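Structural overview for review
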Amino acid sequence: MPLELTDWTEGQIDARRDRIVILGRRRAGKTVFLSRLYQKLWQGNEGVSARAGDGAMHERCMEICEGLSQGKWPAATAGSILSELEITHDEHSIQVVILDYPGEVFRRAFVDGGRDEQSLTLLEHIDRAAGAIMLIDPDNLEGGSTAEQVDDDYGMVQAVDRIRKSPGGASVPVAVVLTKCDEHVQLIREAGTPRDFMESRIPNLFRYGGKLRVFGSSAVRIRRDAIGRGIPNTEKPARGLIEPLRYCLRAIKLASDVPASPHQPPTPKVIAPAYNIPSRVTPARRGIPTWAIVCGAVALVFLIVVIVLVLAD
Ligand SMILES: Nc1nc2c(ncn2[C@@H]2O[C@H](COP(=O)(O)OP(=O)(O)O)[C@@H](O)[C@H]2O)c(=O)[nH]1
Ligand SMILES: [Mg+2]
């Protein structure tokens, strides 16, 4: 049953933040990004590895990657697809749930204020986000229609504002990823860095979103066919796929290392010694030295004896 918008109870959502959510409008590049990311993580040679929660998801990602390598773009995502991954990073495993859903649901939930079953399910995922990756096609901000730009501008601002205002949402890492940089690198260069580009196009994202990290990525490169259409070309490596995920994973891990309550001291970390070398214990050189205490005691006894003898006279 989807979460109602008024269901927040302080601390309740925080404890259930167990997923990384990938957000993006229609054709932002979610399916291509996710499939290529999974393919890379499955190979597991980047310090981060992943295993799909079920065989169907593994197969779907591999089929999409196979299609891309044959010059075919994936078909538009028909329904919401919930992908469960076990991600291993720095010898820690974390369960990550990634949601690839049709962009129309995103529009209904964030722009049109729709509260139908699908929109509420999407909002529930966002309310349970331990991290968020927001995919934005820079070309849409430049040349999209007003309605298309509204999805990225108003829609993304709404999404990040919702994360920040929900309990525990202030510290949720949000990675903003500019997709298709292979094609639109010039647009970004004209503005400066990917962050400069985003700050100039969607300043409200930073006003409402607090701390965000902006990345550039190209899940595939393209080559042009005879009539100028972009054909995926996977011979050249993808760029910027892992970094946004790594950023989220590190922030989630850091947050989980922080003690739950300010009154509770942090659990001391047990660090396994690299070598078994016995340490030389040096006594602390603090306080009054022992010889001074002994001398003082002898002097005191002598003084008492003298006083007793004098009084006895
Ligand atoms: N140049 C380039 N185009 C891409 C890339 N990823 C996606 N595209 C284009 O964007 C379209 C939509 O991508 P898709 O992943 O299906 O978007 P989704 O609707 O967000 O899942 C594709 O059909 C391609 O034309 C990329 O890395 N580079
Ligand atoms: Mg899709």
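Rules of the game
- Residues numbered from 1 in each chain as written.
- Chains lettered and ligands numbered in written order.
- Predicted model: local features only at pLDDT ≥ 70, side-chain atom pairs only at ≥ 80, totals over all residues.
- Heavy atoms only, no water.
- Phe/Tyr/Trp six-rings, centres within 6.5 Å; stacked < 30°, edge-to-face > 60°.
- Helix = DSSP H or I, 4+ residues; strand = E, 2+ residues; numbered from the N terminus.
- Buried < 20%, exposed > 50% of the residue type's maximum accessible area, 1.4 Å probe, protein only.
- Pairing = 2+ DSSP bridges.
- Axes fitted to C-alpha atoms, helices over the stretch in contact; angles between N-to-C directions.
- Left-handed = near helix turned anticlockwise from the far one by under 90°.
- Contact = heavy atoms within 4.5 Å.
- Nonpolar A, V, L, I, M, F, W, Y, C, P; charged D, E, K, R; others polar.

1. Quick look at the packing of aromatic side chains
If you walk through the whole model with that rule in mind, you get 3 aromatic pairs. Their ring planes at 20° and their centres at 6.3 Å tell us that Tyr38 and Trp42 sit as a pair that is stacked. With Tyr38 and Trp42 both in helix 2 (residues 30–43) and 4 residues apart, this pair spans about one turn of that helix. Note on Trp42: relative accessible area 43%, which makes it partly exposed.

2. Overview of the sheet that holds strand 5 (residues 129–136)
Reading across the sheet, the 4 strands line up as 1-5-6-7 and stay open at both edges, with parallel pairing between neighbours. Unpaired on one side and paired on the other, strand 1 (19–24) and strand 7 (212–216) mark the two borders of the sheet. Mean inter-strand twist for the sheet, computed between neighbouring axes without regard to direction, equals 20°. Relative to strand 5, strand 1 is paired through 6 bridges, and the arrangement is parallel.

3. Here we look at the sheet that holds strand 4 (residues 92–100)
The 3 strands lie next to each other as 2-3-4, forming an open sheet whose pairing is antiparallel. What marks the edges here is a single partner per strand, and that holds for strand 2 (48–52) and strand 4. Each strand axis lies, on average, 30° off the axis of its neighbour in the sheet, ignoring direction. Pairing between strand 2 and strand 3 (residues 81–89): 5 bridges, direction antiparallel.

4. Considering the packing of helix 4 (residues 103–110) against helix 7 (residues 146–165)
Where helix 4 contacts helix 7, the axes come no closer than 9 Å and their chain directions differ by 65°. Considering only the axes of helix 4 and helix 7, their crossing is left-handed. Contact with helix 4, carried on its side by Phe106, Arg107 and Phe110, involves Ala147, Asp151, Tyr154, Gly155, Met156, Gln158, Ala159 and Arg162 of helix 7 and no other residues of that element. Grouping the amino acids of the contact of helix 4 with helix 7 by side-chain chemistry returns 6 nonpolar, 2 polar and 3 charged.

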